[in-house]
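Given next are the chains, with one letter for each unit.
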Amino acid sequence: MPEQASDPADVTDNPGASRFELHADGRLAELVYRIRGDRLVLVHTEVPVELEGRGIGARLVTAAVDRAAREGLTLVPLCPFARGWLERHPDAASKAVIDWGN
């Protein structure tokens, strides 16, 4: 049975590579970000097809929200996946300040 990623604690922040990472079944899922002053800019989410459908992308975005909230950063969701997920999950999105770029 495939390994299930159970919660945001499974996600590692790798600041040297500017990405949140989650390893499962020998694969790497990632959310690439950039820090721009007091902004955490979400650039791109990549989840291998073998890991899709397990909520891994959601865990990566949740880890970004948690970091932004903890460090007082404004979240800037340029990544279409991250933006869509945050729009569909207003409770999670409300934990951090978000610049929607409207």
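Parameters at a glance
Residues numbered from 1 in each chain as written. Predicted model: local features only at pLDDT ≥ 70, side-chain atom pairs only at ≥ 80, totals over all residues. Heavy atoms only, no water. Pairing = 2+ DSSP bridges. Helix = DSSP H or I, 4+ residues; strand = E, 2+ residues; numbered from the N terminus. Contact = heavy atoms within 4.5 Å. Axes fitted to C-alpha atoms, helices over the stretch in contact; angles between N-to-C directions. Core = buried A, V, L, I, M, F, W, Y, C linked by side-chain atoms within 4.5 Å. Buried < 20%, exposed > 50% of the residue type's maximum accessible area, 1.4 Å probe, protein only.

Undergrad: I'm lost on the sheet that holds strand 5 (residues 74-77) in this one. Help?
TA: Strand pairs in the sheet, formed through backbone hydrogen bonds, run parallel or antiparallel to each other. Spatial strand order, 1-2-3-4-5-6: six strands in an open sheet with mixed pairing. At either margin of the open sheet sits one strand with a lone partner, and together these are strand 1 (12-14) and strand 6 (97-98). With two bridges connecting them, strand 5 and strand 6 associate as parallel partners. Bridged to Leu75 within strand 6 is Ile98. Across the face of the sheet, helix 1 (residues 56-71) comes into contact with strand 1, strand 2 (19-24), strand 3 (27-36), strand 4 (39-46) and strand 5 while running at roughly 145 degrees to strand 2.

Undergrad: Looking at this structure, I do not really get the nonpolar core. What am I missing?
TA: If you look at soluble globular proteins, the nonpolar side chains tend to sit buried side by side. Phe20, Leu40, Leu42, Ile56, Leu60, Leu75 and Leu86 are the most contacted members of the largest nonpolar core, which totals 29 residues. Mapped onto this core, the elements with two or more residues apiece are strand 2, strand 3, strand 4, helix 1, helix 2 (80-88) and helix 3 (90-93). If one sorts the elements of this core by residue count, helix 1 sits on top with eight residues. Once residues lying within four places of it in the same chain are set aside, the contact partners of Leu40 are Phe20, Tyr33, Arg34, Ile35, Ala64, Arg67, Ala68, Leu73, Thr74, Leu75 and Val76.

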